[in-house]
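Descriptive analysis of the structure
For reference, the chains in residue letters:
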Amino acid sequence: MTDLLITIIIAVAAVLIVAIGIIAFVAKGRKPKTPYTSERDLDDLPTGQSAEGDTDAAASEAGATDVAVAVEEPVAPAAPQLDVPEPVQSRLARLRARLTKSNNMFSKGLLALLSQDSIDEDVWEEIEENLLMADLGTEPALELVDALRERVKIEGSTDPARVKAMLREELLKLVDPTMDRSYLPAPHPDRPSIIMVVGVNGVGKTTTIGKLARVLVAEDKDVLLGAADTFRAAAAEQLATWGDRVGVPTVRSDIDGADPASVAFEAVSAGIDQEVDIVMIDTAGRLQNKVGLMDELGKIKRVVEKKAAIDEVLLVLDATTGQNGLQQAKVFSEVVNVSGIVLTKLDGTAKGGIVVAIQRQLGVPVKLVGLGEGPDDLAPFNAEDFVDALLEG
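As recorded in an unreviewed UniProt entry, the protein chain goes by the name Signal recognition particle receptor FtsY, listed as coming from Glutamicibacter arilaitensis. Under Catalytic activity (unreviewed entry), UniProt gives the following word-for-word description of the protein chain: "GTP + H2O = GDP + phosphate + H(+)". Within the UniProt record for the protein chain, the comment given under Function (unreviewed entry) is "Involved in targeting and insertion of nascent membrane proteins into the cytoplasmic membrane. Acts as a receptor for the complex formed by the signal recognition particle (SRP) and the ribosome-nascent chain (RNC)."

And the structure:
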């Protein structure tokens, strides 16, 4: 019995020795796991964890090996694509061509009358009527006729080229090239230049501000817009859309019917804080016969000037309204001291003479003109180019 027990013990010991040897051999042949050689970031998986949440042990049982996984970096959003306004000279050439086309009948009619072999009293009356139909105004029309009468009498010339030269000279005197037509206020060392834009409903005031912002951006100016037209629905949204096209921010209120003067004040304050070059303030389309609205317009001006002086007040007028626009211009000038005129829609049925009439009425110059619906259809007014365009045809 003792011999049998000893034999069993020896057999078990032998089996254990063989098993231990086999285990040691297998363990020696397996590769150790490779540790991280760089700092882990938030995209790396925890140690021992696979993408599906299984443990390394489970992966080993399935015969899987360690594989390096590339982590893609997040792609930054692309910068918004901004409009690039046309150069000023390109706009001037195109707008002059449009003005020439729209005023051909004016120039041809005058030149035909002045080039007759004999200019009697009836012809002079017809010339005066032609000028009045061009919205030149009674007083300027009479001045021009008297000046031409005198020159034709003295020179006695009916040569078309000479007659055209005389007409050009006299028209240029009426348009007055000596007036300061700069629409860009002088810079200030400690604050932005402030431009306030006013005008009645329907003249294209908000659109004009957007176009003017494009012109200023093209001249490398930092611009900020103030949406103080809280009277008309969607006016602030329209203004902001124009600004977004050229990368210009807009200060606006989130409250419908907010106090316009408060919005204007905040826009100027933001312009000072952000050190921009120019702040342009849009205002509601005032009806000149609404005393309360005109008073509110005056309030905007007074409130803004508590923060900074207003450098320029631009009155936007629709050129197609002709003589009716003169009364609007007069009322606005009395309330906010208009310093410059922007004539929109100076094409189609508009009469070129309105430029002279408005300048005579207010004593302030036309500084900008718009001749179309395109975003770049706004250009600085030039007296000589304007007169030349009137007489071409």
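Still to come is the rest of the account.
Now for the packing of aromatic side chains. Any pair of aromatic rings gets described here by the distance separating the centres and the angle formed by the planes. As enumerated under the stated definition, the model contains one aromatic pair in all. Centroid distance F381 to F386: 5.0 Å. Interplanar angle 50°. Geometry classified as tilted. Neither residue differs from the other here; F381 and F386 are each classed as buried.

Within the largest apolar cluster, 96 residues are counted, with the highest numbers of intra-cluster contacts made by I127, L167, L212, M280, L315, I341 and L343. Per-element tally for this core: the top contributor is helix 7 (residues 160-175), with seven residues. Non-local contacts of M280, meaning those with residues more than four positions away in its chain, are made with I195, I209, L212, A213, L216, V223, L224, L225 and G226.

Right, let's talk about the side chain of D376 for a bit. In this structure, D376 sits in the loop between strand 7 (366-370) and strand 8 (378-380). The exposure class of D376 is buried, given its relative accessible area of 10%.

Here, the residues flagged by UniProt with the feature "domain: SRP54-type proteins GTP-binding" (unreviewed entry) are residues 365-378. From the first C-alpha to the last, residues 365-378 spans 16 Å; its make-up is 0% helix and 43% strand.

What follows concerns the environment of D244. When you line up the elements, D244 lands in helix 9 (residues 235-245). For D244, a relative accessible area of 53% puts it in the exposed group. Considered as a pair, D244 and G210 are 34 residues apart in the sequence and their alpha carbons are 9.6 Å apart.

Spatially, 3-2-4-1-5-6-7-8 is the arrangement adopted by the eight strands of the open sheet, whose pairing is mixed. At either margin of the open sheet sits one strand with a lone partner, and together these are strand 3 (250-251) and strand 8. Of the strand pairs in this sheet, strand 5 (residues 312-318) and strand 6 (residues 340-344) are connected by five bridges, and their pairing is parallel. Paired with V316 across the two strands is V342, which belongs to strand 6. Sheet strands in contact with helix 12 (residues 324-336) are strand 1 (193-198) and strand 5, and its direction is about 165° off that of strand 5.

Turning next to the pairing of strand 5. Of all seven residues making up strand 5, seven are buried, and the element is well covered by its neighbours. Where burial is concerned, the two faces of strand 5 agree: the one with E312, L314, V316 and D318 and the one with V313, L315 and L317 are both buried. Two strands pair when backbone bridges link them, and strand 1 and strand 5 are joined in this way by four bridges, in the parallel orientation. If you follow V198 over to strand 5, its bridge partner there is L315.

In this model, helix 7 (16 residues) spans 22 Å end to end at C-alpha, consistent with the 22 Å of a helix rising 1.5 Å per residue. Among the residues of helix 7, those classed as buried are V163, M166, L167, E170, L171, L172, L174 and V175. After helix 7 finishes, the residue D176 shows a positive phi value of roughly 65°.

This part covers helix 8 (residues 205-218). Relative to the 20 Å expected for 14 residues at 1.5 Å per residue, helix 8 spans 20 Å between its end C-alpha atoms, a close match to the ideal helical length. Across the 14 residues that make up helix 8, a large majority, eleven, are buried. Turning to helix 8, its buried residues number three or more, namely K205, T206, T208, I209, G210, K211, L212, A213, R214, V215 and L216.

Calculation rules
Residues numbered from 1 in each chain as written. Predicted model: local features only at pLDDT ≥ 70, side-chain atom pairs only at ≥ 80, totals over all residues. Heavy atoms only, no water. UniProt positions renumbered as here; feature names shortened; annotations may be inferred. Phe/Tyr/Trp six-rings, centres within 6.5 Å; stacked < 30°, edge-to-face > 60°. Buried < 20%, exposed > 50% of the residue type's maximum accessible area, 1.4 Å probe, protein only. Core = buried A, V, L, I, M, F, W, Y, C linked by side-chain atoms within 4.5 Å. Helix = DSSP H or I, 4+ residues; strand = E, 2+ residues; numbered from the N terminus. Contact = heavy atoms within 4.5 Å. Pairing = 2+ DSSP bridges. Axes fitted to C-alpha atoms, helices over the stretch in contact; angles between N-to-C directions. Expected span 1.5 Å × (residues − 1).

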